[in-house]
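One-letter residues, chain by chain:
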Amino acid sequence: MDMKDSSPASARRTFFTQASAGVALLALAPGVRLVDLALARVQDEPASATQRWGLLVDVDRCVSGCDACVSACDTEHGLDGNERPQTDAQWIRKVDLVDNNTEHQLSLPVMCQHCEEPPCVDVCPTGASFRRADGIVLVDKHTCIGCRYCMMACPYKARSFIHEDLTGQKTHAPRGKGTVESCTLCVHRVDRGESPACVEACTDAGHEALVFGDINDRNDPLATQLAETTTRELRADLKLNTAVRYRGL
Amino acid sequence: MIWSGLFEHWSKRRSCAIRTGVITVGLVAGMALSGAYAQVSQPVFPSARGEQCVEPVDVMRRDHFEFLKHQRDKTVHEGIRTPRHSLAGCIDCHADKDAQGRFVPVNAKGQFCQSCHVYAAVKIDCFSCHAARPSERVSQSP
């Protein structure tokens, strides 16, 4: 390639050469790809244990008073409260911390930590509380009897119980009286190859305090950041190996 | 002897007549009842959008809940969200619109799910949790 030739035709030729090389790299044959897309999964394939979805919360970037992640979660799943904070469902909450010695203030979101060893799954008497192959901890509401053992077992108070009859549920987020629920890591979006609603809202708000990705994929931005910086688990002493990690805490 | 024979003959005829009467009354009552059954009309519901159901109609009538249950486990536990045999897929095709062009819940009176389940006297519990109207994606399409 002649680098001195800067005519439009040459630029176009260069583009096509590079583009075709890129296409050849991505698609050797239909269905066979050298470089798999990081997030997308074929629709009729089950979730796989080769992936483990996780979240990194950068506490230094999280802004006190901002609740973009909370309201995005409420909108996404139709968590319309009854103005009763004691009992309304809460999948994600903002927690403000103050160091009494230094008066240093922190603000961070807390939600289901999607543990590798989830206590909620251990105590569930019906098997409704389960961990999906790709690490997302969920409630199968078809088998949930509403005993709320999981709510007591969870060290993060991540689960809510639905006390009242509901109407107007979203198609992708079935919810009903007498069952327990919590953050699903927006499993319906993840299955489409998208990020959770809270992550998108945080990025849209310009804070970029939440990073979503595959912990097992070394090329994933999340795994890279986890490898490069010091992060913490909440209640690491319990050895639950959470998929949600905090930086700057 | 003659008199006693005559009496016996008469009493036999009488019991026979009573029997015939009972049978007749029974038949009439039965016909009336069967007439009443015939008056229970077949369920009437709005026709679906789309050309064809995912399975033959007679198969769906008998086994739709088996398909739904199988699909629900695949969706919840494995994340397989294919529309075939999914409840959302059923609703997308079978929900009807009212005069204002808004979707009517499939469990409302006279609608697809409700009309048949009332006829079969089977209570459906799906819609205490699941949306009974099509997803936003379908609602927004013309």
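Model, not experiment: these values are computed from the prediction. (Residues numbered from 1 in each chain as written. Chains lettered and ligands numbered in written order. Predicted model: local features only at pLDDT ≥ 70, side-chain atom pairs only at ≥ 80, totals over all residues.)

## Some words on the overall build of chain A
Condition: Helix and strand definitions follow DSSP, with helices as H or I runs of at least four residues and strands as E runs of at least two, each counted in order from the N terminus. Whether a residue is buried, exposed or partly exposed is read from the other C-beta atoms within 10 Å of its own C-beta, which are placed from the backbone; 20 or more gives buried, 12 or fewer gives exposed, and intermediate counts give partly exposed. Each residue is represented by a C-beta atom placed from its backbone, and any two residues with such atoms within 7 Å are regarded as in contact.
Per the secondary structure count, chain A includes seven helices and nine strands. Residues counted as buried form 33% of the 249 residues belonging to chain A. Contacts in chain A between residues far apart in sequence, at least 24 positions, make up 60% of those at least 6 positions apart.

## Comments concerning the overall build of chain B
Along chain B, the regular secondary structure elements total five helices and zero strands. Reading chain B from its N terminus to its C terminus gives the helix and strand order α-α-α-α-α. In chain B, buried positions account for 14% of the 142 residues. The contacts in chain B between residues at least 6 apart in sequence include a share of 52% that link residues at least 24 apart.

## Description of the sheet that holds strand β1 (residues 53-58) of chain A
Residues and elements named next belong to chain A. Operational definition: Strands were regarded as paired on the criterion that DSSP finds at least two bridges between them. What counts as an axis is a line fitted to C-alpha atoms, over the stretch in contact for a helix, and the angles between N-to-C directions run from 0 to 180 degrees.
Strand order in the open sheet formed by three strands is β8-β1-β9, and the pairing between neighbours is mixed. Sheet topology places β8 (210-214) and β9 (244-247) at the edges, where each strand pairs with a single neighbour. Sheet twist, expressed as the mean angle between neighbouring strand axes with direction ignored, is 20°. Relative to β9, β1 runs parallel, the two being bridged by four bridges.

## Focus: the nonpolar core
The condition is simple: Structurally, a nonpolar core is described as a collection of buried Ala, Val, Leu, Ile, Met, Phe, Trp, Tyr and Cys residues joined by way of C-beta atoms within 7 Å.
Ranked by internal contacts, the top residues of the largest apolar core, which has 49 residues, are Val57(A), Cys69(A), Cys73(A), Cys198(A), Cys202(A) and Leu210(A). Counting only elements with at least two residues in this core, the list comes to β1, α2 (68-77), β5 (137-139), α5 (187-190), α6 (197-204), β8 and β9 of chain A. Formed by ten residues, the second largest nonpolar core is a distinct cluster that contains Leu87(B), Val106(B), Phe112(B) and Ala131(B).

## Let's talk about the packing of α2(A) against α6(A)
Residues and elements named next belong to chain A. What counts, and what does not: An angle below 35 degrees is read as roughly parallel, one above 145 as roughly antiparallel, one from 65 to 115 as roughly perpendicular, and any other as oblique. By convention, the crossing between two helices is left-handed when the near helix turns anticlockwise from the far helix through less than a right angle, and right-handed when the turn is clockwise.
In contact at an axis separation of 8 Å, α2 and α6 are set at 135° when each is read in the N-to-C sense. The angle between α2 and α6 falls in the class oblique. Two packed elements cross with a definite hand, and for α2 against α6 that hand is right-handed. Contacts between α2 and α6 involve Ala-68, Cys-69, Ala-72, Cys-73 and Glu-76 from the former and Ala-197, Cys-198, Glu-200, Ala-201 and Cys-202 from the latter.

## Some remarks on the confidence of the model for chain B
All names here are of chain B. To be explicit about the condition: pLDDT measures how confident the predictor is about each residue, on a scale from 0 to 100.
Per-residue pLDDT for chain B has a mean of 81; in total, 69% of the residues score no lower than 70. Confidence scores differ between elements of chain B, with helix α1 (residues 2-38) showing the lowest mean pLDDT of 57 and helix α2 (residues 57-78) the highest of 95. With pTM at 0.78, the complex prediction returns an ipTM value of 0.80.

## Thoughts on the confidence of the model for chain A
Residue and element names in this part refer to chain A. Scored by pLDDT, chain A has a mean of 88; 84% of the residues are at 70 or more. Here residues 1-6 scores under 50 on pLDDT; set against residues more than four positions off or in separate chains, the count is two contacts. The low-confidence segment residues 19-38, where pLDDT is below 50, has ten contacts with residues more than four positions distant or belonging to other chains.

## Observations concerning unusual backbone geometry
Residue and element names in this part refer to chain A. Even without being a glycine, His-114 presents a positive backbone phi close to 45°. Assessed through the 27 C-beta atoms surrounding it within 10 Å, His-114 is described here as buried. In the Ramachandran plot, Arg-235 falls in the positive-phi region, its phi being about 50° despite a non-glycine side chain. Checked against the element boundaries, Arg-235 lands in the loop between α7 (221-228) and β9.

## Focus on the pairing of β8(A)
Residues and elements named next belong to chain A. When you tally the buried positions in β8, you get five out of five residues, the bulk of the element. Of the two faces of β8, the one carrying Leu-210, Phe-212 and Asp-214 and the one carrying Val-211 and Gly-213 are both buried. For β1 and β8, the ladder comprises five bridges, and the chain directions are antiparallel. Bridging from a neighbouring strand, Leu-56 pairs with Val-211 of β8.

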